[in-house]
Amino acid sequence: MARLNLWRWTVLGLAGLYFLVPLAASVVFTVDVPGQGVTFDAYTRIFSTAGFGSSLLLSLELAVATIVVVLLLMVPAMVALRLGAPRLRPVVEVVCSLPLVVPPIAFVAGIGTVLKWGPEHLSRTPLFQTFVAIQNPDFPVVLVLAYVVMALPFVYRALDAGLRSVDVATLVEAARSCGAGWPQALVRAVLPNLRGALLNASFLTLALVLGEFTVAQLLGFQPFAVWIVNVSGSQAQLSVAVSVLSLLVTWLLLLVLAGFGGRTRPTSRG
């Protein structure tokens, strides 16, 4: 047992070094300026740098929209799959896992081909305005659609794990016997028992959208991740400082999510 504990702590220590050493090196790079000593100018300049607020706000808006769309798509589908068609589960699992197989560069190349093909062949149809609207730089809907597809594997796994721990059929049957309709049974009986799974799926989607670079860059948009890379060409310290700050904020959100998802309502005893 002592040897097992020693091996466990050794592995945890090596894993901690693997993550903390690059982070510490990044922090030192941002605060240690040759000839000036330790300074936090890189962090104080973040909020006044052009494009920071707009790119971060765009990424947050895209994240919220992606979370809403992917949950509205997957939650009813997963519940219906578990209630009425359990044999289709392997098929849905394979379909939702396909974004992990297709490289992002190939994925965005296909999107770009469709976006170029549409205006050329549909310029005299009402669909032309649709192609223009979904590429609005202020809020590119095409990125939301792409991120929904990319988030499917993570959302599917999170929701599947949550549904495995809940007797969905019993909950729905009890709600229906009390006079609730199908939407009401889903919202008031099933979703409260999937709070942890929904939070996990939302956080994974948020992390994906905030860190995604390839699709947004190749389609010509500038959310937060693209802005960081563009700034790094002229202000290396600033870009690393933004990366460190965003990583710390992500960890903080993860801790908040873990604490919020782990809370359980006290049961009253009569």
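Above this note sits the structure.
Given the structure is predicted, the values throughout are model-derived calculations rather than measurements.

Chemist: Help me out: how do you make sense of the overall build of the protein chain in this one?
Modeler: A count of helical and extended segments in the protein chain gives 13 helices and two strands. Along the first, second and third principal axes, the C-alpha atoms of the protein chain reach 75 × 75 × 35 Å. Across the 270 residues of the protein chain, 33% fall into the buried class. In the protein chain, the share of contacts with a sequence separation of at least 24, taken over all contacts with a separation of at least 6, comes to 77%.

Chemist: Looking at this structure, how should I read the environment of Trp-227?
Modeler: Structurally, Trp-227 is set in helix H12 (residues 224-232). Separated by 43 residues in the primary sequence, Trp-227 and Gln-184 place their C-alpha atoms 42 Å from one another. Sequence-distant contacts of Trp-227, defined by excluding residues within four places in its chain, comprise Thr-49, Ala-50, Gly-51, Phe-52, Ser-55, Gln-222 and Val-242. Side-chain polar atoms of Trp-227 contact the backbone oxygen of Ala-50, separated by 3.1 Å.

Chemist: Explanation requested: the packing of aromatic side chains in the structure shown.
Modeler: How two aromatic rings sit relative to each other is given by the distance of their centres and the angle of their planes. Evaluation of the coordinates by the stated rule reveals five aromatic pairs. Arranged with centres 6.0 Å apart and planes meeting at 15°, the rings of Phe-224 and Trp-227 form a pair that is stacked. Of this pair, Phe-224 and Trp-227 both sit in helix H12, separated by three residues, roughly a single helical turn. For the pair formed by Phe-224 and Trp-227, the shared burial category is buried.

Reading the values: the criteria
Residues numbered from 1 in each chain as written. Predicted model: local features only at pLDDT ≥ 70, side-chain atom pairs only at ≥ 80, totals over all residues. Heavy atoms only, no water. Helix = DSSP H or I, 4+ residues; strand = E, 2+ residues; numbered from the N terminus. Buried < 20%, exposed > 50% of the residue type's maximum accessible area, 1.4 Å probe, protein only. Contact = heavy atoms within 4.5 Å. Polar contact = N/O pair within 3.5 Å; in protein donor to acceptor, adjacent residues only side chain to side chain. Phe/Tyr/Trp six-rings, centres within 6.5 Å; stacked < 30°, edge-to-face > 60°.

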